[in-house]
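# Structural overview
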Amino acid sequence: MDVARLLLATNLLLLAIAVAALVNANVRDPYMDEIFHIPQAQRYCNGNWSFYDPKLTTPPGLYIASVALLKPLSQLLPNPCSPSTLRFTNVLFHIGTFFVLGKTIDRIRGGSQQDSTRKNWVEALTISFFPISYFFHFLYYTDSGSTFFTLLAFLWSLEDWHIGSAAASLVAMTFRQTNVIWMLFGAGTAVIRVLSDKKNPVTKGKLSTELSFRSLFSLIMLSINHLIYLIPILWPYISALGFFAGFIVWNGGIVLGDKTNHIAQLHVVQLFYFSAFSAFFLAPTINIPAKLKNFSALIGRSLKSPTGFVTLAALPVLAYIIISKFTIEHPFLLADNRHYTFYLWKLLFRTNAYIRYALIPGYLVAIYLVATSLASPALHTFLYAVCVALTLVPSPLLEFRYFLVPYLIARVYVKPPGWVGVMGELVLYMGFNVVTIWVFVAKGFKWEGVEGVQRFMY
Ligand SMILES: *[C@@H]1O[C@H](CO)[C@@H](O)[C@H](O)[C@H]1NC(C)=O
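Residues numbered from 1 in each chain as written. Predicted model: local features only at pLDDT ≥ 70, side-chain atom pairs only at ≥ 80, totals over all residues. Heavy atoms only, no water.

Take the overall build of the protein chain next. Assigned secondary structure in the protein chain consists of 21 helices and zero strands. Against the globule reference of 23 Å for 458 residues, the protein chain gives a C-alpha radius of gyration of 23 Å, in line with a compact fold. Referenced to the eigenvectors of the C-alpha coordinate spread, the extents of the protein chain come out at roughly 65 × 55 × 50 Å. The burial tally for the protein chain puts 50% of its 458 residues in the buried class. (Helix = DSSP H or I, 4+ residues; strand = E, 2+ residues; numbered from the N terminus. Rg over C-alpha atoms; globule rule 2.2 N^0.38 Å. Buried < 20%, exposed > 50% of the residue type's maximum accessible area, 1.4 Å probe, protein only.)

Pasting the structure below:
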């Protein structure tokens, strides 16, 4: 194992231990969703496996992981089932995710030269500080484990170890059911890779990875023609999908327990929020002035041809229809003043009835910026966009944690940024981390008539 990587990971771990100590010293009792997660983990930790809190909407992956990781250490730890020890599970996932990110970027970029690989690992370190992930590594939430296993599954699918990938996906689904979509993404990219591989003696790389109706059609036809050849790739995913289907039938739906707050609706605007969110956090790694110049050149070219003009005119109209028909103001978003999204909604979207439409040009630019910054083949990017839609659109709640896996997958596919970009990204992420963790720890407030301290969070 590379010494430099171990050194980076050690730094990450030491900093995480310091932050965890700070958070645990100030936030001793379970906070927010932890009031469901921690007691459940403690029941398992104490050997009570028979009761599952009906308020929990996700399967028990996190609690089992905690017991599996902490039980071997129970001799060393004074209280292996305490909130602070349980929270430490996520610091372990944090370090694991760093290694997965580094290997994934190496794999995607085919990194072989020492220098480029070294930069890939510094990028992995930077991405490990992504604010939305970083914050939740210090609490007992399911996101760290969910992200770790989903990215691990994706890495193994890139490495063509499909049995491992499907198994890791199944584990990821025990943290969050929608991770099934990211398993399908991994499987889909593996199929595209094989069918477009010119060196492959069987498929001969007949699939074009351009995005067109023809290539989508040929993806389907070639998959059918080479089905026998693709079975060794696909059977683990199909089996895992079978397990998942079995779970849905047994459970009578995707969501466990309390289904009333989790009714799926068509929340298409999520894609606009996600594009703006991604463009913002990817900004340091993108050459924005050059992109904007290309964008206006594209508009100029489109205006010259009739089809281009019609397309250009149709996009804002389409966006308008989506916003007016498919915006959902979830009661949680309007009621809970402890979340940053509450203020985003109140101070931006609710100030004026037309703001949501005034943002349309910004959304379109954001989509352009993100889509053109990815180094993946167009067909890949299209599959990615479909998977993002499948995970985000059914969710009625604007919640940044749901953007985590989609964002990280976009980030590992971004065209390799220069050193300045990576350092800018690190500064941006760290700025958010310092402010949000400081506010969380030090700026608690009271709700009238409610016991305990309330704290701001994502
Ligand atoms: C398990 O926990 C539940 C809920 O806290 C409790 O009602 C039940 O008695 C416990 N079972 C055992 C065997 O301790």
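From this point, the discussion proceeds with the structure in view.
Attention shifts here to the site of the ligand. Close contacts around the ligand come from R43, N48 and F51, and that covers them all. At 2.3 Å from an oxygen atom of the ligand is found a side-chain nitrogen or oxygen belonging to N48. Protein chains bury 36% of the 360 Å² of accessible surface belonging to the ligand in isolation. (Near = heavy atom within 4 Å. Polar contact = N/O pair within 3.5 Å; in protein donor to acceptor, adjacent residues only side chain to side chain. Areas by Shrake-Rupley, 256 points an atom, 1.4 Å probe, with all protein chains shown as cover.)

What follows concerns unusual backbone geometry. Non-glycine residue M32 carries a positive phi angle of around 55°. Within the secondary structure, M32 sits in the loop between α1 (3-26) and α2 (34-45). We classify M32 as buried; its relative accessible area is 11%. Although it is not a glycine, K204 sits at a positive phi angle of roughly 55°.

Moving on, we get to the state of the cysteines. Under the definition given, this model contains one disulfide. Disulfide pairing is shown between C45 and C81; the S-S distance is 2.1 Å. Between C45 and C81 the sulfur-sulfur dihedral comes to about -80°; the bridge is accordingly left-handed. Residue C45 is found in helix α2, and its partner C81 is found in the loop between α3 (61-70) and α4 (83-109); the two are separated by 36 residues along the sequence. On the accessibility criterion, C45 (6% relative accessible area) is buried. (Disulfide = S-S within 2.5 Å.)

The next subject is the packing of α4 against helix α7 (residues 143-158). Across the interface, α4 lies against α7 with an axial gap of 9 Å and an inter-helix angle of 25°. With respect to their mutual orientation, α4 and α7 come out roughly parallel. As α4 packs across α7, the resulting crossing turns out to be left-handed. Every residue of α7 that contacts α4 at N90, F93, G96, T97, V100, L101, K103, T104, R107 and I108 is listed here: S144, G145, F148, F149, L151, L152, F154, L155 and L158. Within the contact of α4 with α7, the residues separate by chemical class into 11 nonpolar, six polar and two charged. (Axes fitted to C-alpha atoms, helices over the stretch in contact; angles between N-to-C directions. Parallel < 35°, antiparallel > 145°, perpendicular 65-115°, else oblique. Left-handed = near helix turned anticlockwise from the far one by under 90°. Contact = heavy atoms within 4.5 Å. Nonpolar A, V, L, I, M, F, W, Y, C, P; charged D, E, K, R; others polar.)

On to the side chain of N90. Here N90 shows up in helix α4. By relative accessible area, N90 is classed as buried at 0%. Within the local environment of N90, its side chain forms a polar contact with the backbone oxygen of Y141, the two atoms lying 3.2 Å apart. When sequence neighbours within four positions are dropped, the list of residues in contact with N90 reads L62, F136, H137, L139, Y140, Y141, S144 and G145.

For the rest of this paragraph, the subject is α4. Along its 27 residues, α4 runs 40 Å from first to last C-alpha, staying within 8% of the 39 Å computed at 1.5 Å per residue. Within α4, 19 of the 27 residues are buried, which leaves the element mostly enclosed by the surrounding structure. Within two residues after α4, G110 carries a phi angle of roughly 55°, on the positive side. (Expected span 1.5 Å × (residues − 1).)

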